[in-house]
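Letter by letter, the chains look like this.
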Amino acid sequence: MSSGIPGVEDSCISAFQELKSKREINTVIYRLSDNLETVILDFKGNLTHDELLESLPAAEPRFVVYDLVFATSDGSRREMIVMISWSPETTEIKQRMVHSSSYDTLRNMLDGVQVYVQATELSDVEYDALVSRAS
């Protein structure tokens, strides 16, 4: 019996812990299972920012945790963990609703995220847009 809020697979949390602690990977992407009842791991590894943008589907929601590396105005190097809720306008209404309700659940389980971004189009997650949110 479903409460309407999807569960989260353990692999989602362990992938986030790997990104946060070891910093050997810079990107974790999650998606809803086909039955919309569970948040599952879609990708774990290293992506350039351009590859990250290319990996976001045009009509399906995703959650992305990304280790954003950038230079501050004084030239020092910064790293921040960003969580992106990707829900393009073309997403089916039921998927969008489940994605939205699972956002808080996932957000509460991923301790250590420093910046949260709600994105509906690629311009919301362009490198410069993320850096300005993180600065």
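Visitor: Can you lay out helix α3 (residues 93–109) for me, pointing to particular residues and giving the numbers?
Guide: Between its first and last C-alpha atoms α3 spans 25 Å; for 17 residues at 1.5 Å apiece the expected length is 24 Å, and the two agree. The largest bend along α3 reaches roughly 30 degrees and is located at Y103. Here α3 has its buried residues at Q95, V98, H99, S102, Y103 and L106. Its buried side turned inward, α3 meets β1 (7–8), β2 (27–32), β3 (38–45), β4 (62–71), β5 (77–86) and β6 (115–119).

Visitor: Outline helix α1 (residues 10–22), listing residues and values.
Guide: Helix length check: α1, at 13 residues, gives a terminal C-alpha distance of 18 Å against a target of 18 Å (1.5 Å per residue), a fit within 8%. Residues of α1 that are buried: C12, I13, A15, F16, E18 and L19. Where the residues of α1 are buried, they touch β1, β2, β3, β4, β5 and α3. Taken from the residues just after α1, R23 is the one with a positive phi, measuring 55 degrees.

Visitor: Quick rundown of the side chain of S33? Include the residues and the values.
Guide: Along the chain, S33 falls in the loop between β2 and β3. Take S33: its relative accessible area is 11%, and that puts it in the buried class. A polar contact is formed between the side chain of S33 and the backbone nitrogen of E37, at a distance of 3.3 Å. Not counting residues within four places of it along the chain, the set of residues in contact with S33 comprises T38 and I40.

Criteria and thresholds
Residues numbered from 1 in each chain as written. Predicted model: local features only at pLDDT ≥ 70, side-chain atom pairs only at ≥ 80, totals over all residues. Heavy atoms only, no water. Helix = DSSP H or I, 4+ residues; strand = E, 2+ residues; numbered from the N terminus. Expected span 1.5 Å × (residues − 1). Bend = angle between axes of the 7 residues up to and from the residue. Buried < 20%, exposed > 50% of the residue type's maximum accessible area, 1.4 Å probe, protein only. Contact = heavy atoms within 4.5 Å. Polar contact = N/O pair within 3.5 Å; in protein donor to acceptor, adjacent residues only side chain to side chain.

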